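Overview (structure and organization)
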Amino acid sequence: MLSDMLRFLNQSLWKDVFLLTLLAVGCGYAKSNCTTRRCLAEMLINRNYPSQPQYENCTQIIHVPFIEYQTLSVDTKHLRLITRLLARIVWRDPALKWDTSVYRYDQVVLPVDKVWTPELHVTNGIVTTMKHSSHDLLAYSNGTVKHTVIINAEVNCEVNLFNYPFAADECPVAIQAWSTDGCGTELVLGDVRMVDSTHGDWKTDFVSLQKKRNDRNYIMVGLSIKYVNPFITLMLPSILIILADVVSFALPLGGGERNSFKVTLVLSFTMFLIILNNQLPGDSYCSPIIRHHFCICLIFLVLSMLVSLVLTRVAKDGSLIFCCWSKGSVLGNTGDKEEKEDEEAKDDVSVAQLSASDSQMLRKVINFLENLETKELDQEKRQKLANTLDKIFFWFYFIFCVIYFSVMICLMVSYRCEVDHFDFWY
């Protein structure tokens, strides 16, 4: 009885071992014969090759068949060009090949953090960030890998702002990959296209792919400013204020209305410059001529105000400056007055004798009327002199302002200031 039970247990144990062995062999066989895309991806991931593919010449060729360029903004205050690049990159990695007779697929999707991917940089970028457009990439059976990356760069671009607000210039965006001592990666660029060409006051006229050497590739970006908004906010107010100052010569010199108006114009223009100080472009190798324009306009306004004040003094006292007013005229008038009194006294001898009080009163009335007439004549002469000087200065001021604004606008539109945009390469 006991021997039969042992024999039965022994046979059951052998059956269990046999079944477990068959199960293990079957699972291993099933595992080794998994040919789905996911099994293919797991097989490539398990190879674990995160480093750059190595060749005898120690250089990996990276093809960039397509770049999508976009200008995000242009910072004229700090001379920065903010760009966005979407680049499609292609390279070969022999470690990612597979046998299509075993795995019947020509393409497979792999996670980007499990495979080596090249990095692109902007050489003249102050801040450059590259991020993957997707968490996955596409691998082919011959080892070719395709992926898309997005590069955001803040480029240090010495934009020519001399002609602001009619500025236009070209700015290079240099693209490179890591390489040193003959090892690393080498870029082969293809086509570049522009999207969304207008942002703010600036617009992108064109983009073209160029190179200075085989290892120095860059995208030349043509930029121009939309002058309507800066012209309305900057140039037009200065022209209108100068025009108002010229028309203010129609106001009379007397009464102080003209002087008050000119002082108001000077203060208004000063406040206008203070408010727009943050909107004016920053200084650079080619300093914006609009800064000098505002300075000259302020000088015009102050000079016109000072001339108006001086001519008001001339119209009132007949002298340019109060310290130059001579007392000789007063003494001369006093002497003439005494001579007239003597003549009148002599005439009184031959005339019928009047009473002393009546004669003195009559003499005072005559002197008062003569002095009043003399003052009126002097005032007319002074006013005539002031008006003549005022007309001369008005025409001189008007003609000079017309010539100045014509020359300044032509200079802003046509003159070109040359800037070396490639000084970051040495």
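Residues numbered from 1 in each chain as written. Predicted model: local features only at pLDDT ≥ 70, side-chain atom pairs only at ≥ 80, totals over all residues. Heavy atoms only, no water.

Along its length, the chain carries 7 helices and 13 strands. Evaluated residue by residue, the chain yields a buried proportion of 35% over its 426 residues. Relative to all contacts within the chain whose residues are 6 or more apart in sequence, the contacts with residues 24 or more apart total 73%. Summing over all exposed atoms, the chain offers an accessible surface of approximately 25,800 Å²; the carbon and sulfur share of this is 61%. (Helix = DSSP H or I, 4+ residues; strand = E, 2+ residues; numbered from the N terminus. Buried < 20%, exposed > 50% of the residue type's maximum accessible area, 1.4 Å probe, protein only. Contact = heavy atoms within 4.5 Å. Areas by Shrake-Rupley, 256 points an atom, 1.4 Å probe, with all protein chains shown as cover.)

Quick look at the sheet that holds strand β13 (residues 216–225) now. In a beta sheet, neighbouring strands pair by backbone hydrogen bonds and run either parallel or antiparallel. Strand order in the open sheet made by the 5 strands is β4-β8-β13-β12-β11, with antiparallel pairing throughout. Lying at the two open borders of the sheet, with one neighbouring strand each, are β4 (120–122) and β11 (198–199). As paired elements, strand β8 (residues 168–177) and β13 share 8 bridges and run antiparallel to each other. Its bridge partner lying in β13, D169 is registered against L223. (Pairing = 2+ DSSP bridges.)

Summing up the model confidence of the chain, the mean pLDDT is 81 and the portion of residues at 70 or higher is 83%. Within the chain, the element-level pLDDT minimum falls on helix α6 (residues 328–350), averaging 47, and the maximum on strand β7 (residues 144–156), averaging 94. For the stretch residues 323–335, pLDDT sits under 50, and the model shows 3 contacts to residues farther than four places along the chain or on other chains. A low-confidence stretch, residues 345–352 stays under pLDDT 50, and its non-local contacts, those more than four residues away or across chains, total 3 contacts. (pLDDT = per-residue confidence, 0-100.)

Looking now at the state of the cysteines. Each disulfide consists of one covalent bond between the sulfur atoms belonging to two cysteines. For the structure shown, the criterion picks out 4 disulfides. The disulfide partner of C34 is C39, and the S-S distance across this bridge is 1.7 Å. Where C34 bonds to C39 through sulfur, the torsion about that S-S bond is close to 70°, and the disulfide is right-handed. Here C34 falls in the partly exposed class, since its relative accessible area comes to 24%. Looking at C39, the relative accessible area reads 23%, which means it is partly exposed. At a sulfur-sulfur separation of 1.7 Å, the disulfide partner of C286 is C417. Taking the torsion about the S-S bond as the criterion, the C286 to C417 disulfide, at about -75°, is left-handed. (Disulfide = S-S within 2.5 Å.)

Going from Y164 to P165, the amide bond is cis rather than trans, its omega being 10°. Not every positive phi belongs to a glycine, and L79 is a case in point at roughly 55°. By secondary structure assignment, the location of L79 is in the loop between β1 (59–75) and β2 (80–92).

The next subject is the pairing of β1. In terms of strand pairing, β1 meets strand β10 (residues 183–194) through 10 bridges, oriented parallel. Along β10, the bridge assignment pairs I61 with E186. Relative to β2, β1 runs antiparallel, the two sharing 10 bridges. The residue of β2 that forms the bridge with T71 is T83.

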